[in-house]
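Structure at a glance
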Amino acid sequence: MSVLWVLGAGQLGAMLKQAGTPLGIDVRPVDIESTETLALGPTDIVTAEREEWPETVATKQLATHSNFVNLATFPQLADRLTQKQWLDRLELATAPWFSVEADSTAAKAHETLGERVLMKRRRGGYDGRGQYWLKQSEGIEIPEDWKGHAIAEQAINFDEEVSLVGVRGKNGEMHFYPLTLNLHINGILYASISPLERLKPLQSKAEAMLSKLMEALNYVGVMAMECFRVDDELLINELAPRVHNSGHWTQAGASICQFENHVRAVTGLPLAPAEVKNQSMMVNLIGVDLNYDWLNLQGLELYWYKKEVRPGRKVGHLNFCSGNYSVLQTALTGLELPSPYPDALTWLAKNLPK
Ligand code: AMP
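Residues numbered from 1 in each chain as written. Predicted model: local features only at pLDDT ≥ 70, side-chain atom pairs only at ≥ 80, totals over all residues. Heavy atoms only, no water.

Taking an unreviewed UniProt entry as the reference, the chain is identified by name as N5-carboxyaminoimidazole ribonucleotide synthase belonging to Marinomonas rhodophyticola. According to its UniProt record, the chain has this under Catalytic activity (unreviewed entry): "5-amino-1-(5-phospho-beta-D-ribosyl)imidazole + hydrogencarbonate + ATP = 5-carboxyamino-1-(5-phospho-D-ribosyl)imidazole + ADP + phosphate + 2 H(+)". In its Pathway (unreviewed entry) section, UniProt records this for the chain: "Purine metabolism; IMP biosynthesis via de novo pathway; 5-amino-1-(5-phospho-D-ribosyl)imidazole-4-carboxylate from 5-amino-1-(5-phospho-D-ribosyl)imidazole (N5-CAIR route): step 1/2." (UniProt positions renumbered as here; feature names shortened; annotations may be inferred.)

So, in structure tokens, the structure goes:
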């Protein structure tokens, strides 16, 4: 049996490995700093848990393998400039933007995009890192080292943030999970909840958007589309050509989780629609210590990534799934976590159907 290699050995790689086990697939995450000579076979398959990587001994071996699925897509989506160009080319709604170049000025940015403009580094920005606000009232100029390396985006006064996780097989077959409602605090995902009845009217629109993208890119595997909801419209904020944090709830809440779907798709195994079980919620554990007392809470599943705890670092997540809303409300009340978690838990409780 061929091996499925994963470029990157973080938590996403570990969860892909976990999902491959019952399928009998040997999933091997590879640390990008590894200097080992990998025993890559000609029929092995390569995927990635991250959209960009430095050139190292390990990544060079993987990226030159002929079965690296979606290899051409990664650089297209890892660079925010080419990602935005794809969205414009496919006429998919996104925040108005321009490329920050040598002659760009804050005055021009405000003239074209309004009073509040968010610059984002073309590469490497994640979890709110690599962002720089230009506010007209503060008269901030564009720093020289952002020119040629960033895009500028209009600030969107969104109602809320939602994401769609979908999977596409080699034969073009596609399946989607229900839209997920996400809470970001300071640019980092704290909590998700899905499915929500009130998001159902947006589901087919979101699926049509992500289908168009996956088809245009001839993409195989799981892709996530993060959007701003503004009234009944969806504006695409960001695309991730991989399994995504806002899909973690599917581990507890769907018959086939996003990790298994990705493994199935890239290895050419059959895809089938996932049955969604009950109500799910996910809480990211960010910079907090492990506490096994959480396991006393009914409906809770813990994923601990075995990483050193540092402020702002994702070190695990909690999934909750139950058909009984009061069990979920009780679990939220029983979680003792420091600021800003009380806000995130209140947000979840508020969005739980009554
Ligand atoms: P990103 O790194 O693009 O995923 O952005 C992280 C977070 O910053 C998003 O989830 C939003 O909460 C916020 N954000 C990003 N772009 C915009 C925008 N154009 N307007 C307002 N908020 C934004």
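**Description of the packing of aromatic side chains**
Two numbers describe a pair of aromatic rings. These are the distance of the centres and the angle of the planes. Tallying each qualifying case throughout the model produces seven aromatic pairs. Ring geometry for Y132 versus W146: centroids 5.3 Å apart, planes at 50 degrees, classification tilted. A residue pair is termed long-range when its members are at least 10 positions apart, and Y132 in strand β6 (residues 131-135) and W146 in the loop between β6 and β7 (150-154) qualify at 14 residues. The residue whose ring lies beneath R89 is W86, and the NZ or CZ to ring-centre distance is 4.6 Å. (Phe/Tyr/Trp six-rings, centres within 6.5 Å; stacked < 30°, edge-to-face > 60°. Helix = DSSP H or I, 4+ residues; strand = E, 2+ residues; numbered from the N terminus. Lys NZ or Arg CZ within 6 Å of the ring centre and 35° of its normal.)

**A look at the pattern of salt bridges**
Following the criterion strictly, the structure yields 17 salt bridges and no others. Here K120 and E153 are joined by a salt bridge, their closest N and O atoms 3.2 Å apart. With K120 in strand β5 (residues 116-121) and E153 in strand β7, this pair connects stretches of sequence that are 33 residues apart. When its relative accessible area of 3% is taken as the criterion, K120 is described as buried. K200 is the salt-bridge partner of E197, the closest N and O atoms lying 3.4 Å from each other. Exposure class is identical for E197 and K200. Each is exposed. Through salt bridges with shared partners, a single ionic network connects D159, E160, R198 and R229. (Salt bridge = Lys/Arg side-chain N within 4 Å of Asp/Glu carboxyl O. Buried < 20%, exposed > 50% of the residue type's maximum accessible area, 1.4 Å probe, protein only.)

**Re the domain arrangement of the chain**
Looking at the chain, the domain boundaries give domain 1 (3-68), domain 2 (96-154) and domain 3 (160-351). One C-alpha centre belongs to domain 2, the other to domain 3, and the line joining them spans 29 Å. Contacts between the two partners involve five residues from domain 2 and, on the opposite side, six residues from domain 3. Around 370 Å² of area is buried between domain 2 and domain 3 when both sides are counted, 31% of it from carbon and sulfur atoms. Between the two partners, domain 2 and domain 3, sit zero salt bridges. Across the domain 2-domain 3 interface, the total number found is one residue pair in polar contact (both at pLDDT 80 or more). Here the residues of the side of domain 2 that touches domain 3 are counted per class, giving no nonpolar, one polar and four charged. (Domains from an automatic or database assignment. Contact = heavy atoms within 4.5 Å. Buried area = accessible area lost by both parts, 1.4 Å probe. Polar contact = N/O pair within 3.5 Å; in protein donor to acceptor, adjacent residues only side chain to side chain. Nonpolar A, V, L, I, M, F, W, Y, C, P; charged D, E, K, R; others polar.)

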